[in-house]
Amino acid sequence: MKSYKGLWIAFTLVVVISFAVLGGVGYHLISQAPPIPQRVVTTDGQLLFTGTDISNGQGVWQSIGGQEIGSIWGHGAYVAPDWTADWLHRESVMTLDHWAQQQGATSYDALNAEQKGALQARLREEIRPNTYNAQTGTITVAAERAQVFDALAKYYADVFGKGRDEYAIQPGALTDAVKQREMAAFFWWTAWAASTNRPNDNVTYTNNWPHESLVANEPTPGSIVWSVISFVLLLAAVGGMVWYFSSRDPSPVHENPPARDPLFGLSPTPSQRATVKYFYVAAAMVILQIACGIITAHYGVEGSALYGIPLAKWLPYSISRTWHLQLAIFWIATSWLATGLYVAPAVSGYEPKGQRLGVNLLFGALVLVVGGSLAGEWLGVEQKLGNLWFWFGNQGYEYIELGRFWQILLFVGLTFWLWLMWRALQPALKRPSESRPLLVLFLLASIAIPLFYASGLMYGQRSNLVTAEYWRWWVVHLWVEGFFEVFATVVIAFLFTRLKLLRADTATRSVLFSTVIFLAGGILGTFHHLYFSGTGPAVIALGSVFSALEVVPLVLIGSEAWENIRLGRQRNKTMWIAAYKWPIWFFVAVAFWNFVGAGLFGFFINPPVALYYMQGLNTTPVHGHTALFGVYGMLGLGLMLFCLRALQPGKAWKDKPLAIAFWSINIGLTFMVILSMLPVGLLQGWASVKYGTWYARSAEFMQTPLMNDLRWLRVPGDTLFAIGMFAFCWFLFGLLTGSSYDEHGGYVEEGGWELVTAGSGSTHHKEAE
């Protein structure tokens, strides 16, 4: 490990300093969060509602789906409005209309420019000043705002009571009158935080988000300045990275790989064979996720039906979208965790006693958590769990919707998985070898998986929304996007070194360097999710700078793709590598989507001034689909294939379905983005800049013929994508039944070895060296 001393020091410093800043700033932003008052009263002494009403209303919103029905502060689903922006605009217009009518006009729009300007100034003087009294816990508002609140409370009660097809809200989504008014109080509070200045400042609690000219919500100077700095920093860092790569040693690919498959003739251990069922359950979840995705996308056009079938009666949009996201995380995580369980005995050469039993117990726990949480989410949204919705239903927060009980069980399962990994790896950790540093990094990444998932337990049922959002992004960004990627990078390096296609020393150095660079931007890059979530200006500065650094290693990701292609092309010298063609090509796809999805589309929306206008628009799912599936999904598929290939290395595959799957998935994902989501997001961005966030998310804009046509254009890409995934799963289940194996192909040892190409009848021969 001495030869990597500098890299280990850099790794330690990056992790310690980054988390110290992340924690320190997090403590400050939570302590400075928009306050929930004890009471909201009018200037004439009328009690409008209490802080308990606001907290209860947040719970009501969460219990019916929360961020799966529209969004709050730009975070959530995209069919219904952003309730913060929608409430703020409606309240502003209704107040202006009321004042205009007092002056004898029919409405605010009927006034001339001078009169409009005067009323706008009056509105800003009413809304922008902070009237919260910390000593009494009271917010005081003008008397006419009570009338506006009552009117809007009735409007939203009608929306959620009777439903709205244009918002994909089913009839009867929320019918309890008390809960309806409490949810209205919560919506009011989110709009108040978005339009009221922080104490002793001229910027709102949400850094002036959403864009709303009526109340002078415009980008802050910091948003603009730090966006420019992030662009400059990105260019400088890319230049430095190019210089580094130009001066580094040549590729770590073995120039003379072994003449035969190093795994040929090896018998999988009992625990390795036990991991196979994980991959098939993951495949089943993929099929269900695709079905939920098709339904969810279609609701954006038809509202509550699927080609005329009133499906929302049984499967409302909030559930189909919840399941679509949860299943994506479940199947990707399942494939990665199963890969870890497979790799651990392979790298240590040791099978602990009872390891197979542990793998099987973990599998049972996985099935319980997946099935239980999905059922609980449906019961919670249908309001069938009463006050137990938070524990067993839908928490209402995107990506971690599963109830707290299931969340705890999942954490326990991940901890048990870590124990299984540790007991299998322990002998190899004690044994000096050139791959030991890589093994240490593998263990650290494994520890981080349950550790950072635990951050999702750091908020409670009645926590301030700022607190919940801060810890939620620890899970989404650090767990899903951060340490899982480190874990996967190390796993791939292990697999290639196990096949003797990469040298252990250069692979270790490459992985350590990549990890340091990735975490240097990735940990503090978490803040780019929190620019406008009730946080202060420091979040904009840190988030913009470090999210730019996140992109730096992705700019040169093509080198990683090229190395994987070179590995595949080694089959010209060593034919057994051809058997690993499709796992390697899925790794190539990971590199491509890392650059396009995480890099280009990620940085497209990450600068503060860009996200100010585009937060909560369809530019976000462009990044989400191409990064979450394009990177982590493709990697999950590649790891599945690699492990299943390595379990029986001497048997040839009928891999035509894999060719169909690979190209259909990648082309389908491209069409999905280029033909539909990106054009919709760009048009929304234009509308947001010109008119405001409320308009870009409104039914008035989203239900125009052009926007509907663009949403229908998802069909070609979605269809091709689904065909590819079905072909992949067909091949996988063919391995289970034996139909995906070529009985006439395989490796034969006769003084050398030979590979019979599947289905061709031709034989390629190379003498053993």
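Please refer to the structure higher up on the page.
Because the structure is a prediction, the values reported are computed rather than measured.

Engineer: Could you clarify how one ought to interpret the overall build of the chain in this entry?
Structural biologist: For the chain, the helix and strand inventory stands at 26 helices and nine strands. Its C-alpha radius of gyration of 28 Å places the chain within 12% of the 27 Å reference for a compact globule of 769 residues. Its C-alpha atoms give the chain principal-axis dimensions of about 100 × 55 × 45 Å. Across the 769 residues of the chain, 61% fall into the buried class. For the chain, restricting intrachain contacts to residue pairs at least 6 apart in sequence, the fraction spanning at least 24 positions comes to 76%. Carbon and sulfur atoms make up 64% of the accessible area of the chain, which totals about 28700 Å². Separation between the mean location of the 49 positive side-chain charges and that of the 49 negative ones in the chain comes to 9 Å.

Engineer: Help me out: how do you make sense of the pattern of salt bridges in this one?
Structural biologist: Opposite charge on two side chains makes pairing possible when the charged atoms of those side chains draw close. Under the criterion given, the structure shown has 11 salt bridges. Residues R164 and D158 are paired through a salt bridge, measuring 2.6 Å at the closest nitrogen-oxygen approach. According to the relative accessible area criterion, R164 is buried, its value standing at 17%. Residue D158 is classed as partly exposed on the basis of its relative accessible area, which comes to 23%. The network of salt bridges with shared partners includes E68, R321 and E398.

Engineer: I keep staring at the sheet that holds strand β6 (residues 138–141) and nothing clicks. Help me out?
Structural biologist: Each strand in a sheet pairs with its neighbour through backbone hydrogen bonds, running either in the same direction (parallel) or in the opposite one (antiparallel). The four strands are arranged β2-β1-β6-β5 in an open sheet whose pairing can be described as mixed. Each edge of the sheet is formed by a strand with only one pairing partner; in this case those strands are β2 (47–50) and β5 (132–133). Examined bridge by bridge, strand β1 (residues 39–42) and β2 share three bridges and lie antiparallel to one another. In the strand pairing of β2, V41 is matched with L47.

Engineer: Any chance you could explain the pairing of β1 here in plain terms?
Structural biologist: As a general feature of sheets, a regular strand has side chains that alternate between the two faces. A loop of four residues connects β1 with β2, the two strands running antiparallel in sequence, and G45 in this loop sits at a positive phi of about 90°. Sheet topology places β1 next to β6; four bridges connect them, and they run parallel. Bridging from a neighbouring strand, T42 pairs with V141 of β6.

Engineer: Sorry, what's going on with a nonpolar patch on the surface here?
Structural biologist: Residues L388, W391, F392, F405, I408 and V412 make up a contiguous nonpolar surface patch of roughly 500 Å² in combined accessible area. When residues of the nonpolar patch are traced back to their parent elements, those giving at least two are α12 (389–392) and α13 (404–430). No other element matches α13, which puts three residues into the nonpolar patch. Here F392 shows up in helix α12.

Engineer: What exactly am I supposed to notice about the environment of T204 here?
Structural biologist: On the secondary structure map, T204 appears in the loop between α6 (177–195) and α7 (221–247). A relative accessible area of 0% places T204 in the buried class. Separated by 378 residues in the primary sequence, T204 and W582 place their C-alpha atoms 52 Å from one another. Sequence-distant contacts of T204, that is, excluding residues within four places in its chain, are made with R128, A193, A194, S195, T196, N197, R198, W209 and N217.

Engineer: Would you mind going over the packing of aromatic side chains with me for this structure?
Structural biologist: To describe a pair of aromatic rings, one takes the distance between the centres and the angle between the planes. Under the defined criterion, the tally for this structure stands at 59 aromatic pairs. An angle of 85° between the planes, with centres 6.1 Å apart, marks the rings of W83 and Y167 as edge-to-face. One end of the pair, W83, is in helix α3 (residues 83–102); the other, Y167, is in the loop between α5 (143–162) and α6, and 84 residues separate them in sequence. Assessed through its relative accessible area of 0%, W83 is described here as buried. Ring geometry for F160 versus F187: centroids 6.4 Å apart, planes at 45°, classification tilted. With F160 in helix α5 and F187 in helix α6, this residue pair connects regions lying 27 residues apart in the sequence. The exposure classification of F160 matches that of F187, with both residues buried. For K116, the ring lying beneath its charged end belongs to Y108, and the centroid distance is 5.7 Å.

Engineer: Can you walk me through unusual backbone geometry in this structure?
Structural biologist: For residues that are not glycine, phi is negative in most cases, and the peptide bond is trans in most cases. In this chain, W209 is followed by P210 through a cis amide linkage whose omega measures 5°. With respect to the element layout, P210 can be found in the loop between α6 and α7. We note that Y307 has phi near 50°; this positive angle belongs to a residue other than glycine. Note that Y307 resides in the loop between α9 (276–302) and α10 (317–348). By relative accessible area, Y307 is classed as exposed at 58%. One non-glycine residue, Q383, lies in the positive phi region at around 60°. You can see Q383 is positioned in the loop between α11 (355–381) and α12.

Engineer: Teacher, can you tell me more about the nonpolar core here?
Structural biologist: Taken as a class, soluble globular proteins show a tendency for nonpolar side chains to be buried jointly. Of all hydrophobic cores here, the largest spans 253 residues; its most connected members are W83 and F160. Of the residues forming this core, the biggest block, 24 residues, is contributed by helix α15 (residues 465–498). Non-local contacts of W83, meaning those with residues more than four positions away in its chain, are made with W61, I69, G70, S71, I72, Y156, V159, F160, Y167, I169 and F187.

Engineer: Would you mind showing me how to read the state of the cysteines here?
Structural biologist: Enumeration over the complete set of coordinates arrives at zero disulfides. With no disulfide of its own, C292 lies 14 Å from the sulfur of C729, the closest cysteine sulfur.

Engineer: It is not clear to me how the environment of A113 should be interpreted in this structure. Could you clarify?
Structural biologist: Secondary-structure assignment places A113 in helix α4 (residues 113–127). As a C-alpha pair, A113 and L288 span 175 residues in sequence and 55 Å in three-dimensional space.

Engineer: Can you walk me through the environment of G349 in this structure?
Structural biologist: Position of G349 among the secondary structure elements: in the loop between α10 and α11. G349 sits 184 residues away from D165 along the chain, and the two C-alpha atoms are 58 Å apart.

Engineer: I would appreciate a short explanation of the packing of α15 against helix α16 (residues 504–522) in the present structure.
Structural biologist: Angle between the axes and distance between the axes: these two values describe a pair of packed helices. Two elements in contact, α15 and α16, have axes separated by 10 Å at closest approach and are oriented at 170°. Of the possible angle classes, the one that applies to α15 and α16 is roughly antiparallel. On α16, the residues touching H477, L478, E481, G482, F483, E485, V486, T489, V490, A493 and T497 of α15 are A504, A507, V511, T515, F518, L519 and G522. Its residues placed into classes, the contact of α15 with α16 shows 10 nonpolar, six polar and two charged.

Engineer: For this particular structure, what's the right way to read α4?
Structural biologist: Within an α-helix, residues lying three or four positions from one another point in the same direction, as the helix has 3.6 residues per turn. Taking 1.5 Å per residue as the helical rise, α4 with its 15 residues ought to reach 21 Å, and the 21 Å between its terminal C-alpha atoms agrees with that figure. If you check which residues of α4 are buried, you get L119, Q120, L123 and I127. Each buried residue of α4 lies within a common arc of 105° when the element is viewed along its axis, so the set occupies one face. Exposed residues on α4 whose side chains face more than 90 degrees from its buried face are E114 and E125. At its buried positions, α4 is contacted by α3, α5 and α6. Its side-chain oxygen at 3.2 Å from the backbone nitrogen of E114, N112 defines the N-terminal cap of α4.

Rules used throughout
Residues numbered from 1 in each chain as written. Predicted model: local features only at pLDDT ≥ 70, side-chain atom pairs only at ≥ 80, totals over all residues. Heavy atoms only, no water. Helix = DSSP H or I, 4+ residues; strand = E, 2+ residues; numbered from the N terminus. Rg over C-alpha atoms; globule rule 2.2 N^0.38 Å. Buried < 20%, exposed > 50% of the residue type's maximum accessible area, 1.4 Å probe, protein only. Contact = heavy atoms within 4.5 Å. Areas by Shrake-Rupley, 256 points an atom, 1.4 Å probe, with all protein chains shown as cover. Lys, Arg positive; Asp, Glu negative; His and termini not counted. Charge placed at Lys NZ, Arg CZ, Asp CG, Glu CD. Salt bridge = Lys/Arg side-chain N within 4 Å of Asp/Glu carboxyl O. Pairing = 2+ DSSP bridges. Patch = residues over 30% accessible without salt bridge, like charges linked within 9 Å, V, L, I, M, F, W, Y side chains within 5 Å. Phe/Tyr/Trp six-rings, centres within 6.5 Å; stacked < 30°, edge-to-face > 60°. Lys NZ or Arg CZ within 6 Å of the ring centre and 35° of its normal. Core = buried A, V, L, I, M, F, W, Y, C linked by side-chain atoms within 4.5 Å. Disulfide = S-S within 2.5 Å. Axes fitted to C-alpha atoms, helices over the stretch in contact; angles between N-to-C directions. Parallel < 35°, antiparallel > 145°, perpendicular 65-115°, else oblique. Nonpolar A, V, L, I, M, F, W, Y, C, P; charged D, E, K, R; others polar. Expected span 1.5 Å × (residues − 1). Arc of directions from axis to C-beta. Polar contact = N/O pair within 3.5 Å; in protein donor to acceptor, adjacent residues only side chain to side chain.

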